[in-house]
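Structural features, examined
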Amino acid sequence: MKPCFVLLAPFVSQTLASYAFYVGKNLTRDGSVLVGGTGEEVSSHWLQLFAAKDHVANETITVGVTQKAIIPGELIRIPQVSHTFRYLSMEYSDYDGFPAPLTNGGLNEKGVAVRDVWASNRDELIRMTPTPQHGVQYSDMARIIMERASTARAGVELIRDLIKDHGEATYGGNTHLIADKDEGWIVWEFAGGKGLWAAERLNASQVRVLYPGYIEDFPVDFANSTDFMGSENLISFAVEQGWWDPKSGEPFNIFKIYGPQDPKFTARDGGFKYMSQAALEKATLAMAPVSEADLMERVRDHRIADDEAGYGQVVSLRDGIDPDMLRIWIAPTGSVAAPFIPWWLGVQSIPPEFGEHRYLTTGASSSFLTPDFQLQEASRFAGRIFKRVLYYMCSAPARFLPLVTEMLTSFEGESAKDLGWVEKAAQTVIASGDRDSAARLLTHYSHSRAAKALELGNTLNRALDSYIKLKGLWRDPVGSEINDAGQGAETVNCLLGFDPDRPSWEQNVPKTGRLVRQEVLS
């Protein structure tokens, strides 16, 4: 079908979703590269383990978007590789009409972690995007990286090849953070259907926070650099459009040239959360040397983690780790209200309570349950349990936020204390040649902590419910609309004194014992 071009900008909102952290290994307590973040989708989220697989010749996979996407498209099929790696991912059911299941990323058996983060483009790029669009979309890229990439750089090269060979299907601009034990990369894929993309290497002494993702100054001779990559037309297209003049003496700044042309926003201060990227980066640097627990604190910071956060992830990547022993901490819903639980790539299964359920699953209210899912749906759902904690807690954050946070971090501290003996025992068994027993040990421990986490969630809900009702703090709804008004509307959060109708930088939010934005930027 011949593509047509339509004026999409008036109808396509600049969608905001997901944030990510990168901390280079020179800034961490144990020399690991640290990666953390969340996905922010109005969707169900569930944990899923994907086994390594061999594939037959000429096998293909379906990628892209459908007519339901925010910029309509058509699905295409592209070749599958002969072997895909094992990986662990938080999956979800919907984002701007993209076909489920979707993923922001996770961790694979080669020690490659990937996070997906929104990054809006200038309106001209959105308007010139052909419809129906064809190509590989953001979730496809994250999944293919987990399936195929052995290093972070290889992940960037995969995105390069996918866009070149098959095109990209976009919702208006996107970034990926890809990391391994040595380095990280930011890849920014641009709307417009022109195959435009740019990538910047993050070194061992950097902190980068994406909300949204960004790249700034970029060498025009990037083809001769080991620290930058990009599409062949990255510079020439900007010149052709009159967006950059090589004679001006101005640096080639990716954000200023290809990002949203709104003077209110800079690359490191999007104004989209109470804490800007700059403030979060500075707060993270202040923790150096940064530990896993420190990064968990940053990911769950109540100034950025709210009802939009679908889960929390923190992973440390370092040299010499057996693939089965690669560990990732995952909170089953927004980590401001849920504990991080340790999972290893060697685990054999995920408890049903942490698997897929109908709660917040797109289209679940339009039909009855399929019998195949009856036992799965009969189980409790971790996501729903800890959403209840969030709603109780944020009803009176000054009273409940410190208490719940202390309980969550105490739970994680117990897990952290156990890691030494659990991992030593598993490594000893692996060294003896009994990899299956090691996998059963890791599975048993993760399942046990997951069960304890559910107990904690139920205990918190009972206690908070009883306290609120006994103290006469219950409030019935005063409106008739259960859902908010959509993007940019107020969501449930634990901010104190925060007015969602006023710009965050104009507000005087009470200090919580941590840096607040006004302090960081002053």
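Residues numbered from 1 in each chain as written. Predicted model: local features only at pLDDT ≥ 70, side-chain atom pairs only at ≥ 80, totals over all residues. Heavy atoms only, no water.

To continue, consider the overall build of the chain. Within the chain, the secondary structure is distributed over 12 helices and 20 strands. Taken over the C-alpha trace, the chain has a radius of gyration of 23 Å; the compact-globule value for 522 residues is 24 Å, and the two agree within 12%. Oriented by its inertia axes, the alpha-carbon framework of the chain measures out at about 65 × 60 × 50 Å. Per-residue burial over the chain gives 56% buried out of 522 residues. (Helix = DSSP H or I, 4+ residues; strand = E, 2+ residues; numbered from the N terminus. Rg over C-alpha atoms; globule rule 2.2 N^0.38 Å. Buried < 20%, exposed > 50% of the residue type's maximum accessible area, 1.4 Å probe, protein only.)

The domain architecture assigned to the chain consists of domain 1 (19-320) and domain 2 (356-475). Relative placement of domain 1 and domain 2: their C-alpha centres are 28 Å apart. Taken together, the contact pairs 12 residues of domain 1 with 14 residues of domain 2. Roughly 1100 Å² of surface becomes buried between domain 1 and domain 2 when both sides are summed, with 51% attributable to carbon and sulfur atoms. Looking at the side of domain 1 facing domain 2, the largest losses of area belong to Trp-46, Arg-300 and Asp-307, adding up to 44% of the total buried there. The salt bridge partner of Glu-412 is Arg-300, with a shortest N-O separation of 2.7 Å. Our count for the domain 1 to domain 2 interface comes out at eight residue pairs in polar contact (both at pLDDT 80 or more). (Domains from an automatic or database assignment. Contact = heavy atoms within 4.5 Å. Buried area = accessible area lost by both parts, 1.4 Å probe. Salt bridge = Lys/Arg side-chain N within 4 Å of Asp/Glu carboxyl O. Polar contact = N/O pair within 3.5 Å; in protein donor to acceptor, adjacent residues only side chain to side chain.)

Quick look at the confidence of the model for the chain now. In this model, the chain carries a mean pLDDT of 92, and residues with pLDDT of at least 70 account for 91%. The model gives residues 1-12 a pLDDT under 50, and that stretch makes 24 contacts with residues more than four places away or in other chains. (pLDDT = per-residue confidence, 0-100.)

If you look at the biggest cluster of nonpolar residues, it comprises 122 residues, and the most contacted ones within it are Phe-252, Tyr-258, Trp-343 and Met-393. With 10 residues, helix α11 (residues 435-470) is the largest single contributor of residues to this core. A domain-level breakdown of this core finds at least three residues from each of domain 1 (19-320) and domain 2 (356-475). Excluding anything up to four places from it in sequence, Trp-343 contacts Leu-47, Leu-88, Leu-326, Arg-327, Ile-328, Ile-330, Ser-349, Ile-350, Pro-351, Ser-446, His-447 and Ala-450. Counting 27 residues, the second-largest nonpolar core is a separate cluster that includes Tyr-87, Ala-149, Val-156 and Val-187. (Core = buried A, V, L, I, M, F, W, Y, C linked by side-chain atoms within 4.5 Å.)

What follows deals with the side chain of Arg-115. For Arg-115, the position within the fold is in strand β11 (residues 113-118). There is no salt bridge for the buried Arg-115, and the closest opposite charge comes from Glu-41, which lies 6.9 Å off by N-O distance. In this structure the side chain of Arg-115 is engaged in a polar contact, spanning 3.4 Å, whose partner is the backbone oxygen of Thr-38. Of note is the side chain of Arg-115, whose polar atom sits 2.8 Å from the side chain of Tyr-311. (Lys, Arg positive; Asp, Glu negative; His and termini not counted.)

Attention now goes to helix α9 (residues 382-394). Given a rise of 1.5 Å per residue, 13 residues ought to cover 18 Å, and the 18 Å separating the end C-alpha atoms of α9 matches this to within 8%. Judged by how many residues are buried, α9 sits mostly within the fold: 10 of 13 residues are covered. Buried within α9 we find Ala-382, Gly-383, Ile-385, Phe-386, Lys-387, Val-389, Leu-390, Tyr-392, Met-393 and Cys-394. (Expected span 1.5 Å × (residues − 1).)

Quick look at the layout of surface pockets now. Within this model, the second largest pocket holds a volume of roughly 500 Å³. Lining of the second largest pocket is provided by 26 residues; of these, Ile-61, Thr-62, Tyr-87, Arg-143 and Glu-147 occupy positions nearest its centre. Elements represented by at least two residues in the lining of the second largest pocket include exactly β4 (45-50), β6 (60-63), β9 (87-92) and α2 (138-148). Tallying contributions element by element places α2 first for the lining of the second largest pocket, with five residues. Class assignment of the residues belonging to the lining of the second largest pocket gives a composition of 12 nonpolar, eight polar and six charged. (1 Å grid on protein atoms, 1.4 Å probe; cavity = no way out; pocket = protein on both sides within 12 Å on 5 of 7 lines; lining within 4 Å. Points joined across faces, edges and corners; volume = space filled by probe spheres on them. Nonpolar A, V, L, I, M, F, W, Y, C, P; charged D, E, K, R; others polar.)

The way to describe two aromatic rings as a pair is by their centre distance and the angle between their planes. Using the criterion set out here, one finds 22 aromatic pairs in the structure. Here the aromatic residues Trp-188, Phe-190, Phe-237, Trp-243, Phe-255 and Tyr-258 are joined through ring pairs into a cluster of three or more. Above the plane of the ring of Tyr-214 lies Arg-208, whose end atom (NZ or CZ) is 4.4 Å from the centre. Between the NZ or CZ atom of Arg-449 and the centre of the ring of Phe-411, over which it lies, the distance is 4.1 Å. (Phe/Tyr/Trp six-rings, centres within 6.5 Å; stacked < 30°, edge-to-face > 60°. Lys NZ or Arg CZ within 6 Å of the ring centre and 35° of its normal.)

The packing of two helices is summarised by the inter-axis angle and the distance between the axes. At a minimum axis distance of 9 Å, the contact between α9 and α11 shows a crossing angle of 30 degrees. Like other packed secondary-structure pairs, α9 and α11 cross with a definite hand, here left-handed. For the pair formed by α9 and α11, the contact residues are Ala-382, Ile-385, Phe-386, Arg-388, Val-389, Tyr-392 and Met-393 on the first element and Ala-453, Leu-454, Gly-457, Asn-458, Leu-460, Asn-461, Leu-464, Asp-465 and Ile-468 on the second. By residue class, the composition of the contact of α9 with α11 is 11 nonpolar, three polar and two charged. (Axes fitted to C-alpha atoms, helices over the stretch in contact; angles between N-to-C directions. Left-handed = near helix turned anticlockwise from the far one by under 90°.)

The antiparallel open sheet is built from six strands, whose spatial order is β16-β2-β3-β18-β19-β20. Each edge of the open sheet carries a strand with a single partner, namely β16 (207-210) and β20 (341-344). The average undirected angle you get between the axes of adjacent strands in this sheet is 15 degrees. Strand direction decides the pairing type here: strand β2 (residues 19-23) and β16, joined by four bridges, are antiparallel. Residue Val-23 lies in a different strand from β16, and its bridge partner there is Val-207. Lying on the sheet, helix α7 (residues 292-299) is in contact with β2, β3 (33-38), β18 (312-317) and β19 (327-331); it crosses β18 at an angle near 150 degrees. (Pairing = 2+ DSSP bridges.)

Moving on: the side chain of Glu-412. Tracing the sequence through the fold places Glu-412 in helix α10 (residues 397-431). On the basis of relative accessibility, which here comes to 6%, the residue Glu-412 falls in the buried class. Apart from residues lying up to four places away in sequence, Glu-412 is in contact with Met-296, Arg-300, Trp-329, Ala-338, Pro-339 and Phe-340.

As enumerated under the stated definition, the model contains five cavities of 30 Å³ or more in all. Trp-118, Ala-119, Ser-120, Trp-188, Pro-212, Gly-213, Phe-255, Pro-260, Phe-265, Thr-266, Gly-270 and Phe-272 together form the lining of the largest cavity.

Overall, the coordinates contain 27 salt bridges when judged by the stated rule. Between Glu-414 and Arg-449 there is a salt bridge, with the nearest N and O atoms lying 3.4 Å from each other. Of this pair, Glu-414 sits in helix α10 while Arg-449 sits in helix α11, and the two are 35 residues apart along the sequence. For Arg-449, a relative accessible area of 8% corresponds to the buried category.

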